[in-house]
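# Survey of secondary and tertiary structure
Listed below are the residues making up each chain.
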Amino acid sequence: MLPPSNCPDLRQASTSIREKRCTMADLHPIQVFFSSYHPLANRVRADFSGSAGNTVRVAIEAPADLVQDTEAASLHTGFATIVLDSIMGGAVMGSLEKLVPIATVGLSVSHLRRPAAGETLHGEAVCVSVYNSLAYVTGELRDKNEEPVAIATGTFMIGTRATSIRDRSEESRI
Amino acid sequence: MSASPAETWFAVAPAEEGDCWKIAFQEHHLGNPLIRSIHGGVVGALIEHTAEKALDRALAEKSRSAKLELTTSSIDYLRVTKDSDLYARGSVMRIARRVAFMDVICWQDSEDLPVARGACTLRILEE
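Residues numbered from 1 in each chain as written. Chains lettered and ligands numbered in written order. Predicted model: local features only at pLDDT ≥ 70, side-chain atom pairs only at ≥ 80, totals over all residues. Heavy atoms only, no water.

### Things to note about the overall build of chain A
- Assigned secondary structure in chain A consists of four helices and eight strands.
- Of the regular secondary structure in chain A, the N- to C-terminal order runs α-α-α-β-β-β-β-α-β-β-β-β.
- Each of the 174 residues in chain A was classed as buried or not, and the buried ones make up 48%. (Helix = DSSP H or I, 4+ residues; strand = E, 2+ residues; numbered from the N terminus. Buried < 20%, exposed > 50% of the residue type's maximum accessible area, 1.4 Å probe, protein only.)

Rendered as structure tokens:
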């Protein structure tokens, strides 16, 4: 489970109940998203140290589950797309005064190279601006040598409906 | 040819219709478990996968054999998704000597109600 290992206060709380406890409210929204109850996010090992406000930072291990080229052990481009969409959405949530549903409207990703399974990648996403209920975000994944692996820009709608499409009388989006 | 680990994880395979690709919904594809919508990155992955496979097929029809590398994908998310299978169809915009441009449309209930569209650029590395 990611949040406890990323939160020094939680580690302290586990050794002494008199010490300060770290609640979900103390975590960056991206850490809440990547908590154990999320069926996709809990499958990857990620560390969000350094995330604050409109900036999300992550160190993430490229999972063998997503190898596309088995000879080169290189990953499907979908891995970078999933990680970038996630951390860029986290940067939007971290920039909001109160949490409201958001949705990706547009995402553009350039894949410079395919990471190898087991490689640790460092990601950063920054919510650059929010204007007219749209958030404008940049994101990148770099390798241990700081070389870019994938770079992205995205737009996210803020304040989307929080109900399932199954509950709606008419189809809609955004 | 056996599926790669990624193809297994995404549960992506050719759809019954020959020129379409399908992701069979899995619980780990969810992006928002509360409204049970599919993760935008999973939708993006299907678009990228379809672009590559559709280009591979188009090149084969021209008797060209090449290694393909997707370089850029630009995706518009048109509608909210739900917890059911995803489909995608790719079409060639232009095949040049070293790069190709593909359009992909992605849907769930009906191709007339797309949930996303993508424009992908791929590098063609002749073998």
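### With respect to the nonpolar core
Residue and element names in this part refer to chain B.
- One finds Phe10 and Cys106 to be the most contacted residues of the largest nonpolar core, which totals 72 residues.
- A total of ten residues in this core trace back to one element, the largest contributor, which is helix α2 (residues 40-61).
- With sequence-adjacent residues up to four places away left out, Cys106 is seen in contact with Val43, Leu46, Ile47, Leu86, Tyr87, Ala88, Pro114, Val115 and Ala116. (Core = buried A, V, L, I, M, F, W, Y, C linked by side-chain atoms within 4.5 Å. Contact = heavy atoms within 4.5 Å.)

### Here's the deal with the pattern of salt bridges
- Applying the stated criterion across every chain yields a total of 13 salt bridges over all chains.
- Two residues, Glu119(A) and Arg113(A), come together in a salt bridge whose shortest N-O distance is 2.5 Å.
- Residue Arg113(A) is classed as partly exposed on the basis of its relative accessible area, which comes to 30%.
- Among the salt bridges present, the one from Arg36(B) reaches Glu27(B), with a minimum N-O distance of 2.9 Å.
- With a relative accessible area of 28%, Arg36(B) lands in the partly exposed category.
- On the accessibility criterion, Glu27(B) (43% relative accessible area) is partly exposed.
- Among the charged side chains, a salt-bridge network with shared partners connects Arg113(A), Glu119(A) and Asp143(A). (Salt bridge = Lys/Arg side-chain N within 4 Å of Asp/Glu carboxyl O.)

### Overview of the sheet that holds strand β7 (residues 99-107) of chain B
- On the basis of which strands lie adjacent, the open sheet formed by twelve strands has the order β1(A)-β2(A)-β6(A)-β7(A)-β8(A)-β5(A)-β5(B)-β8(B)-β7(B)-β6(B)-β2(B)-β1(B) and antiparallel pairing. In the strand order of this sheet, the two ends are held by β1 (46-47) of chain A together with β1 (12-14) of chain B, each with one partner.
- Note: strand β7 (residues 134-142) of chain A against strand β8 (residues 148-158) of chain A, nine bridges, orientation antiparallel. Opposite Leu134(A), over in β8(A), you have Met157(A) as the bridge partner.
- Together, β2 (55-61), β5 (102-111), β6 (120-131), β7 and β8 of chain A together with β5 (66-77) of chain B form the strand contacts of helix α4 (residues 77-95) of chain A, whose direction differs from that of β5(A) by roughly 135°. (Pairing = 2+ DSSP bridges. Axes fitted to C-alpha atoms, helices over the stretch in contact; angles between N-to-C directions.)

### Examining the interface of chain A and chain B
- Tallying the contact residues gives 37 residues for chain A and 37 residues for chain B.
- Taken over both partners, the interface formed by chain A and chain B buries close to 3100 Å², and the fraction arising from carbon and sulfur atoms is 55%.
- At the boundary of chain A with chain B, the tally comes to zero salt bridges.
- Remark: the boundary between chain A and chain B carries 16 residue pairs in polar contact (both at pLDDT 80 or more).
- Elements that contribute at least two residues to the side of chain A that touches chain B include exactly β3 (67-69), α4 and β5 of chain A.
- Tallied by class, the residues present in the side of chain A that touches chain B amount to 13 nonpolar, 16 polar and eight charged. (Buried area = accessible area lost by both parts, 1.4 Å probe. Polar contact = N/O pair within 3.5 Å; in protein donor to acceptor, adjacent residues only side chain to side chain. Nonpolar A, V, L, I, M, F, W, Y, C, P; charged D, E, K, R; others polar.)

### Observations regarding empty space enclosed by the protein
- Scanning all chains against the criterion turns up one cavity of 30 Å³ or more.
- Of the pockets and cavities examined, the largest cavity occupies roughly 30 Å³.
- Grouping the constituent residues of the lining of the largest cavity by class yields two nonpolar, three polar and two charged. (1 Å grid on protein atoms, 1.4 Å probe; cavity = no way out; pocket = protein on both sides within 12 Å on 5 of 7 lines; lining within 4 Å. Points joined across faces, edges and corners; volume = space filled by probe spheres on them.)

### Remarks on a nonpolar patch on the surface
- Together, Val128(A), Tyr131(A) and Tyr136(A) make up an exposed nonpolar region whose accessible area comes to about 340 Å².
- For Val128(A), a relative accessible area of 57% puts it in the exposed group. (Patch = residues over 30% accessible without salt bridge, like charges linked within 9 Å, V, L, I, M, F, W, Y side chains within 5 Å. Areas by Shrake-Rupley, 256 points an atom, 1.4 Å probe, with all protein chains shown as cover.)

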